[in-house]
Amino acid sequence: MKAIKEKRESIRKSHERRWKPPEELSAVAPPGLLASESILLIIGVMVMFYYKLCPAVYYWDSAELTVAAHTLGLPHSPGFPLYILLGKLVTLVTRFNPAAGMNLFSAITGTLTIFMLYQLAINLAGKIQNHFRINIDGWQNPLFLIIFAAAGCYSSLNQALRAEVYYPNLLLISTILYLAIRSGDSRLNFRRYPFLIAFLAGLGAGLHHLTVFLTIPAILIMLIPLYKGDRLKKQIPCWIGAFILGASVVMYIPLRYAAGSGYFWGAPEGLSGTLAILFSSDFGIPSGTFSILHLYDAISFAVGLLYKQLGIIGLAGAITGFIWLYRYTTRIAAGIAVLIGANCLSIIFFESYFYEYQDLHGYLLPSVGVMFVLSAIGWIRILHISRAKLSLSRKIGSLPYSLAFSITVFFLLMLSTSNLTFSLRGYDRAERLMEAMSLSLKKDSVVLCSSVNSKFLLDYKINTDENFDGVKVVDIGLLDKRWYREKLSGILQLESSAGADRYELLNRIIEKYKKRLIVEFSPALLGLAPALTTDGIMYSFNGGGQQQFSSPQLRLFPHYKNDSHSMRFYAEWLINRGIYFHANGKEAEAERCFNELINIDPNSADMIKEYKTIIDNEFQQETRHELN
């Protein structure tokens, strides 16, 4: 009897040590990676991205990120250290110019991301079929075509065809999601994947803070139910250690700053300075951010953007897919719902007039990608139901029916959206503007830029063309930042300017450099150059006793109605001209500028009203003081 009891106790303890997944899985093994379809998808997506790829430098952050990677510099918050290091590696390996190399980097990471979304969809679809013990013939067909449609939607192409950080960001998020879903498959996965997930999330902190804020809540919802009792307490310190190890990449920011980076944003001199960059403290939180009205604007914009990407066909599939996934497991469904919800709420920190800008397509790219995954799963479910309800599959066969069904869904999805239409092939308008702005530059020129985006383009020219390597560019908009004034004083060899205001510092620059000075039109110069005309963009300083500028060397850049980024430049100059006229009491001229701006962007009406208030209350008084 004693031997029997000991045998029973040994068996009981053995069973306790066995791996017990939280959800019952059928005996049918989940499908493996569909190698042939995966290779075909990678080739198809990469060919599409490469064919549509921007061949030259692009506007706004694309130009800045390219310069930062090329020079190992420090771009705007949150610094993107992992992106900069990987981008530098790409520019070293490829034989392209820096802009083309960084654009290609986006296309490569975009292709890898679509591959990971495809594997994520395969894994979920296989798990669900195994759980409900069904085998849907040809289920790979709708999955393949809908994920390919995800690669061709506007948000995807907009981020994959130019240098941007959002596809590398989504690559990390999709990889983390895939590992989290696979963690419950086996004891081996259960042991190793959570640590790898924590490490990748830490790397995400060095890529974009959005990665961390979006994925951690969702991943915890997916992983924590797998742990019970003391097991969770033992794992948390290890997860934190793995996260810190990955996040150590952010040390690039203070180390590179200490090494003397010539391309910089912010002052990461200590822990507080580094954290200020990582959490984008320089940008601040817009007034009215947490109001009900602004929250409604943000959510309605996010929902509208998702609807435009998926159309009624994709949205119907996504809803069906989510319901099917929820029936399989609330754990994964809740995690995905939290990720999408957090992503939509993350844009609340933007001003309302940003909601028409392309950057928000990058911020919402994770939601777009996950919604397409759900849509693919949903259309597999609809395929299964329709095959059971209709007799067509019996007449023509299950696989031909699945293929015809999938192609029909794909074309209906294309008809209900503008997918596959966006392209930057042969796009050179930003490059032409950059060349036009640099025509009057010499090696010893100092350029005052009213737009940070003009500065980015000139920065690219200066850092990639040895004929301009002595040119110095000043961003007038950053002169209110103490760290920028201090750094600028060293670059321009001025006396300490930490306590100087904007006008005092501008006066010092004009006095020191005079005929070497080139100016982009800006209302910030009203007090220094009252004779500045408004029919151009770039001016040279006349010198002499009076602070006046020559006739414009570059006229207003022609705007393109079908080119939103060129239109943004044109709109920025329009509002500058309107402010100039308004500050000088020329209301008729000011209204013409403002009305044209509103025709371009109806959301600019509130921005114009805010600028007028600033001018009337503060700016005009400072201008009169300087003129006196």
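About the cut-offs
- Residues numbered from 1 in each chain as written.
- Predicted model: local features only at pLDDT ≥ 70, side-chain atom pairs only at ≥ 80, totals over all residues.
- Heavy atoms only, no water.
- Helix = DSSP H or I, 4+ residues; strand = E, 2+ residues; numbered from the N terminus.
- Buried < 20%, exposed > 50% of the residue type's maximum accessible area, 1.4 Å probe, protein only.
- Contact = heavy atoms within 4.5 Å.
- Areas by Shrake-Rupley, 256 points an atom, 1.4 Å probe, with all protein chains shown as cover.
- Core = buried A, V, L, I, M, F, W, Y, C linked by side-chain atoms within 4.5 Å.
- Axes fitted to C-alpha atoms, helices over the stretch in contact; angles between N-to-C directions.
- Parallel < 35°, antiparallel > 145°, perpendicular 65-115°, else oblique.
- Left-handed = near helix turned anticlockwise from the far one by under 90°.
- Salt bridge = Lys/Arg side-chain N within 4 Å of Asp/Glu carboxyl O.
- Pairing = 2+ DSSP bridges.
- Polar contact = N/O pair within 3.5 Å; in protein donor to acceptor, adjacent residues only side chain to side chain.
- pLDDT = per-residue confidence, 0-100.
- Phe/Tyr/Trp six-rings, centres within 6.5 Å; stacked < 30°, edge-to-face > 60°.

S.K.: Which residues make up the overall build of the protein chain, and what values do they have?
M.R.: Looking only at helices and strands, the protein chain has 26 helices and five strands in total. Relative to its 628 residues, the protein chain shows a buried fraction of 56%. Counting only contacts in the protein chain whose residues sit at least 6 apart along the sequence, the fraction spanning at least 24 positions is 73%. Surface exposure of the protein chain reaches about 27,700 Å², of which carbon and sulfur atoms provide 59%.

S.K.: Explain the nonpolar core residue by residue, including any values.
M.R.: Among the nonpolar cores identified, the biggest contains 155 residues, and Phe49, Tyr83, Leu143 and Leu457 are the most heavily contacted of them. If you tally residues by element for this core, the top one is helix α5 (residues 98-132), at 15 residues. If we ignore the near neighbours within four places in the chain, the residues touching leucine 143 are Tyr118, Ala121, Ile122, Ala125, Ala376 and Ile380.

S.K.: With reference to specific residues and values, describe the packing of helix α6 (residues 140-151) against helix α17 (residues 365-389).
M.R.: Interhelical geometry of α6 versus α17 gives an angle of 155 degrees and a closest axis separation of 9 Å. By the criterion of interaxial angle, the relationship of α6 to α17 is roughly antiparallel. Once α6 is placed against α17, the crossing between them reads as right-handed. Across from Pro142, Leu143, Ile146, Ile147, Ala149 and Ala150 in α6, the residues of α17 making contact are Phe372, Val373, Ser375, Ala376, Trp379, Ile380 and Leu383.

S.K.: Please set out the pattern of salt bridges residue by residue, giving values where relevant.
M.R.: The full count for this structure, using the stated rule, is seven salt bridges. In this structure, glutamate 164 engages arginine 162 in a salt bridge whose closest nitrogen and oxygen atoms are separated by 3.8 Å. What emerges from the salt-bridge pattern is a single network uniting Glu435, Lys461 and Asp465.

S.K.: Please give an account of the pairing of strand β3 (residues 517-520) that cites residues and values.
M.R.: In β3, alternate side chains face the same way, and those of Leu517 and Val519 on one face and Ile518 and Glu520 on the other are all buried. Where strand β1 (residues 446-449) and β3 come together, three bridges link them in parallel fashion. Bridge pairing in β3 places valine 446 opposite leucine 517.

S.K.: I'd like a description of the side chain of serine 106, backed by residues and values.
M.R.: By secondary structure assignment, the location of serine 106 is in helix α5. By relative accessible area, which is 0% here, serine 106 ends up buried. Engagement of the side chain of serine 106 in a polar contact is seen with the backbone oxygen of arginine 162, the distance being 2.7 Å. The contacts of serine 106, once residues within four sequence positions are left out, are Tyr83, Gln159, Ala160, Arg162, Ala163, Glu164 and Tyr167.

S.K.: Could you give an account of the confidence of the model for the protein chain, naming the residues involved and the relevant values?
M.R.: On average, the protein chain scores 79 in pLDDT, and the residues at 70 or more come to 80%. Taken together, the stretch residues 12-33 has pLDDT below 50 and engages in 30 contacts with residues farther than four places along the chain or on a different chain. Below a pLDDT of 50 lies the segment residues 623-628, which in the model reaches eight contacts outside its immediate sequence neighbourhood of four places, other chains included.

S.K.: Please set out the environment of isoleucine 181 residue by residue, giving values where relevant.
M.R.: With respect to the helices and strands, isoleucine 181 occurs in helix α8 (residues 166-182). Classification of isoleucine 181 as buried rests on a relative accessible area of 2%. Taking C-alpha positions, isoleucine 181 is 9.7 Å from arginine 331, a pair spaced 150 residues apart along the chain.

S.K.: Got a sec to walk through the packing of aromatic side chains? Specific residues and values, please.
M.R.: One pass over the structure, following the stated rule, counts 13 aromatic pairs. Ring centres 6.2 Å apart and planes at 85 degrees place the aromatic pair tyrosine 118 and phenylalanine 144 in the edge-to-face group. Of this pair, tyrosine 118 sits in helix α5 while phenylalanine 144 sits in helix α6; the two residues are 26 residues apart in sequence, bridging distant segments of the chain. For tyrosine 118, a relative accessible area of 0% puts it in the buried group. A centroid spacing of 5.8 Å and a plane angle of 90 degrees characterise the contact between tryptophan 483 and tyrosine 484, whose relative ring orientation is edge-to-face. Tyrosine 484 matches tryptophan 483 in its accessibility class, with the two residues each being buried. Following the ring pairs from residue to residue traces out a cluster consisting of Tyr58, Tyr59 and Tyr427.

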